[in-house]
Every structure is written in C-alpha cells, then in structure tokens.
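These are the residues of each chain, in order.
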Amino acid sequence: MIISFDLDDTLIPGMKQFPVEQKSIWQRIVSRECIREGTVRLMKRLRQDHHRLYVYTTSYRSPAYVRRLFLSYGVRLDKVINKSLHDKMLGKTAGSISKYPPAFNIDVHIDDSPGVAIEGTRHQFNTIIVAERDNDWTATVLKQIASFQTL
Ligand SMILES: [Mg+2]
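Only a predicted model underlies this, so the values are computations on that prediction, with no experimental measurement involved.

J.: Before we go on, may I ask you to explain the coordination of the magnesium ion in this structure?
T.: Around a metal, the perfect tetrahedron of four donors has angles of 109.5 degrees, and the perfect octahedron of six donors has angles of 90 or 180 degrees. Every protein donor of the magnesium ion is listed here as Asp6 (OD), Asp8 (O) and Asp112 (OD), and their distances to the metal cover 2.2 Å. In primary sequence terms, the donor set of the magnesium ion follows D-x1-D-x103-D. Of this pair, Asp8 sits in the loop between β1 (2-5) and α1 (25-30) while Asp112 sits in the loop between β4 (108-111) and α5 (114-123); the two residues are 104 residues apart in sequence, bridging distant segments of the chain. For Asp112, a relative accessible area of 10% puts it in the buried group.

J.: Hey, could you run me through helix α3 (residues 63-71) in this one?
T.: Two residues of an α-helix separated by three or four positions point the same way, owing to the 3.6 residues in each turn. Those residues of α3 not exposed but buried are Tyr65, Val66, Leu69 and Phe70. One face of α3 carries all of its buried residues, which in axial projection span an arc of 130°. Residues of α3 that are buried make contact with α1, α2 (39-48), β2 (52-56) and β3 (79-81).

J.: Any chance you could explain a nonpolar patch on the surface here in plain terms?
T.: A contiguous nonpolar patch, built from Ile25, Trp26 and Ile29 and spanning about 400 Å² of accessible area, is present on the exposed surface. Assignment of secondary structure puts Ile29 in helix α1. Judged by its relative accessible area of 62%, Ile29 falls in the exposed class.

J.: Would you take a moment to explain the pairing of β4 for this structure?
T.: The side chains of a regular strand alternate, first on one face of the sheet and then on the other. Here β4 shows no split at all, with Val108 and Ile110 on one side and His109 and Asp111 on the other all buried. When β1 meets β4, the two strands line up parallel, connected through three bridges. Bridge pairing in β4 places Ser4 opposite His109. The parallel pair β4 and strand β5 (residues 126-129) is bridged by α5, and the resulting crossover is right-handed.

J.: Help me understand the packing of aromatic side chains, please; the structure alone is not making it clear to me.
T.: Centre distance and the angle of the planes are the two values used to describe a pair of aromatic rings. Enumeration according to the criterion identifies two aromatic pairs in this entry. With 5.4 Å between their ring centres and 75° between their planes, Tyr56 and Phe104 make a pair best called edge-to-face. A residue pair is termed long-range when its members are at least 10 positions apart, and Tyr56 in strand β2 and Phe104 in the loop between α4 (83-90) and β4 qualify at 48 residues. Lying over the aromatic face of Trp137, Arg36 brings its terminal NZ or CZ to 5.0 Å of the ring centre. In this structure, Lys99 packs its charged tip against the face of Tyr56, placed 5.9 Å from the ring centre.

Conventions adopted
Residues numbered from 1 in each chain as written. Predicted model: local features only at pLDDT ≥ 70, side-chain atom pairs only at ≥ 80, totals over all residues. Heavy atoms only, no water. Donors = N, O, S within 2.8 Å, 3.2 Å for Na, K, Ca; no water. Helix = DSSP H or I, 4+ residues; strand = E, 2+ residues; numbered from the N terminus. Buried < 20%, exposed > 50% of the residue type's maximum accessible area, 1.4 Å probe, protein only. Arc of directions from axis to C-beta. Contact = heavy atoms within 4.5 Å. Patch = residues over 30% accessible without salt bridge, like charges linked within 9 Å, V, L, I, M, F, W, Y side chains within 5 Å. Areas by Shrake-Rupley, 256 points an atom, 1.4 Å probe, with all protein chains shown as cover. Salt bridge = Lys/Arg side-chain N within 4 Å of Asp/Glu carboxyl O. Pairing = 2+ DSSP bridges. Right-handed = clockwise from strand over helix to strand, strands pointing away. Phe/Tyr/Trp six-rings, centres within 6.5 Å; stacked < 30°, edge-to-face > 60°. Lys NZ or Arg CZ within 6 Å of the ring centre and 35° of its normal.

Put into structure tokens, the structure is as follows:
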C-alpha cells in the first residue's frame, strides 16, 4: 500500500506536544525540527512490509528538505506532497478540501486532524487519526493498517 503521513502535530510537534526521537549532532545540523518518538521504527517496519511511504503536508516545506530530514534518521521517503503540489494537482478544487489522498494514489493517510477524517468519510478515502496523548500510537497505526489490508 501507499501510506502517507501528515507532518504538523502528527509527526512534528507544534500545537500538540509529544515525545520526540533523540537527535544526533548530524540531525541537529540538518534541521531544528524534531520528529515524534517511534516514527523511525514504525517507518522502517512499514518499509520492510513493502509499503511505500509518502509525506502529505499542507505546509510549504520543500520536498527536498523533508526528504533530507527523514533521511537523517535513516528513512527514505518515496514522495513528498506539500501545499504547492496539492494546489497544482487539484486545481480549482484544491481550496475546498485540505487533503485529497486519492489524487496521489494514496491508500491510507495518517493525520492528527478530525477534520481530515470527516473529509475522508465524505470523499471516500482511508484515514488513521493519531491522538496527541496516544503513547502507543505506532501500535494503533499498525493495527489499523492491518485492518485495511484485510478489506
Ligand atoms: Mg496536522
């Protein structure tokens, strides 16, 4: 499957706060941003299971920067979709929906926003919503991915 991850408040703390992965000196040089604890193990596991990993963010972070950030943790991303690419791909409808994973052939999108889950129900795409206080969030994600695979 193609699995995409939101960044802000899902993998990168902002409004929402959660434990983050430890950073080496090298990672500090690459970026000041931290990623959520468990992200690296989860993504490596998903890769081993032959899934493709995308980041889908409504921010304007450059795809090259996002790739570099994850590569510094040893995780290769297959694609990064930012707001510019979203707008370009969706054209006129881009303003009426915050995210539309089917436009990028994404099977499951992981996000913190209940609004994205509502859009998923309305426009028929699969979402997994991660809670700020879910300390076992990677298990939550793996369980739900498994349930989508048996559909
Ligand atoms: Mg978010």
